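Results of the structural survey
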Amino acid sequence: METPQPADPTAGADATGPATAPADAHARELADTRAFFAERAARWDGKYPDDSPRYAAAIADTGLTDGQFVIDAGCGTGRALPLLRAAVGPSGTVLGVDLTPEMLEQAAAHRADAALIEADCTRLPLPDAVADLVFGAGLISHLPGPGTGLRELARVTRPGGRLALYHPLGRAALAARQGRPVTPDDLRARERLFPLLAGTGWKPLSYTDEPTRYLVLAERT
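Residues numbered from 1 in each chain as written. Predicted model: local features only at pLDDT ≥ 70, side-chain atom pairs only at ≥ 80, totals over all residues. Heavy atoms only, no water.

Attention now moves to the environment of F135. With respect to the element layout, F135 can be found in strand β4 (residues 131-137). Look at F135 and you get buried, because its relative accessible area is 0%. Note: C-alpha distance between F135 and G145 (10 residues apart in sequence) is 18 Å. In contact with F135, other than residues within four places in its own chain, are Y55, I59, V70, I71, D72, A73, A80, L84, A164 and Y166. (Helix = DSSP H or I, 4+ residues; strand = E, 2+ residues; numbered from the N terminus. Buried < 20%, exposed > 50% of the residue type's maximum accessible area, 1.4 Å probe, protein only. Contact = heavy atoms within 4.5 Å.)

Spelled out as structure tokens, the structure:
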């Protein structure tokens, strides 16, 4: 079999096209995500009212304990932040990360339970192996390049630390709410998600997909 040769960077009138295309696509996806959530930030909490008990139960199942460092990746308006703070106590660290300034403004205005940073979850301004848990509510469907994002979340998590991918509605219930069927290419399906996790630094531990809970737990390898 022939070994593919690298393209000549001087060939063609648009030599930078192939190199810049992935970066351009990533930037466009980030811009689309920001625009989507910016327009909805002020009314976002009204989409799932009174779901704090569901969040609390999911956080309890992560094994988070006093003094640990948890990242709420894609924290949005910060609904999980007070519950994560309660789990780690005053000696723990809670960091909320979101791409959309308008979402972070809502979090800052209503929930002073964590440090907040505006950042792309595929390029976090954090050192390696600092987090005990990454909690991502509704995150996986909005990660630009989900494999890249999961690998970055693994980078900032210590070996043996955990990832929790959560939603207060299961796949079928969420699809019904949005007026669409569950499709075979759904990234959150076990048969799609588990290989992706295993290939990006995570060991899948459990998978729950019920009407009032979607929760996947994985361990940093």
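Under the definition given, this model contains zero disulfides. Distance from the sulfur of C75, which forms no disulfide, to the nearest cysteine sulfur (C121) is 8.4 Å. For C75, a relative accessible area of 7% corresponds to the buried category. (Disulfide = S-S within 2.5 Å.)

On to helix α2 (residues 52-61), then. Taken together, the buried positions of α2 are occupied by Y55, A58 and I59. For α2, the angular spread of the buried residues around the axis is 100°, confining them to a single face. The outward face of α2, more than 90 degrees from its buried face, is lined by the exposed residues P53 and A60. Check the buried side of α2 and you find it contacts α3 (81-88), β4, β5 (157-167) and β7 (213-220). Where α2 terminates, the next one or two residues include G63, which has phi positive at roughly 80°. (Arc of directions from axis to C-beta.)

Residues at a pLDDT of 70 or more form 90% of the protein, whose mean pLDDT is 88. Scored below 50 in pLDDT, residues 1-19 shows one contact in the model against residues more than four places distant or in partner chains. (pLDDT = per-residue confidence, 0-100.)

Attention now moves to the sheet that holds strand β3 (residues 115-118). Pairing within the open sheet is mixed, and its seven strands lie in the order β3-β2-β1-β4-β5-β7-β6. The open sheet is flanked by β3 and β6 (202-210), the only strands paired with a single partner. Within the sheet, the average angular offset between the axes of one strand and its neighbour, ignoring direction, is 15°. In this sheet, β5 lies alongside β4 in parallel orientation, the contact comprising six bridges. In the strand pairing of β5, L133 is matched with R162. Its contacts with the sheet put α3 on β1 (69-73), β2 (93-98), β3 and β4, and the angle it makes with β2 is roughly 155°. The sheet strands contacting helix α4 (residues 101-110) are β2 and β3, and the helix crosses β3 at an angle near 170°. (Pairing = 2+ DSSP bridges. Axes fitted to C-alpha atoms, helices over the stretch in contact; angles between N-to-C directions.)

Using the criterion set out here, one finds seven aromatic pairs in the structure. Seen in terms of ring centroids, F37 and W44 are 5.2 Å apart; in terms of plane orientation they differ by 65°. Their pairing is edge-to-face. Ring geometry for Y55 versus Y166: centroids 4.9 Å apart, planes at 70°, classification edge-to-face. One end of the pair, Y55, is in helix α2; the other, Y166, is in strand β5, with 111 residues separating them in the sequence. Aromatic ring contacts, followed pair by pair, group F36, F37 and W44 into a single cluster. Over the face of the ring belonging to F36 we find R40, whose NZ or CZ atom lies 3.7 Å from the ring centre. (Phe/Tyr/Trp six-rings, centres within 6.5 Å; stacked < 30°, edge-to-face > 60°. Lys NZ or Arg CZ within 6 Å of the ring centre and 35° of its normal.)

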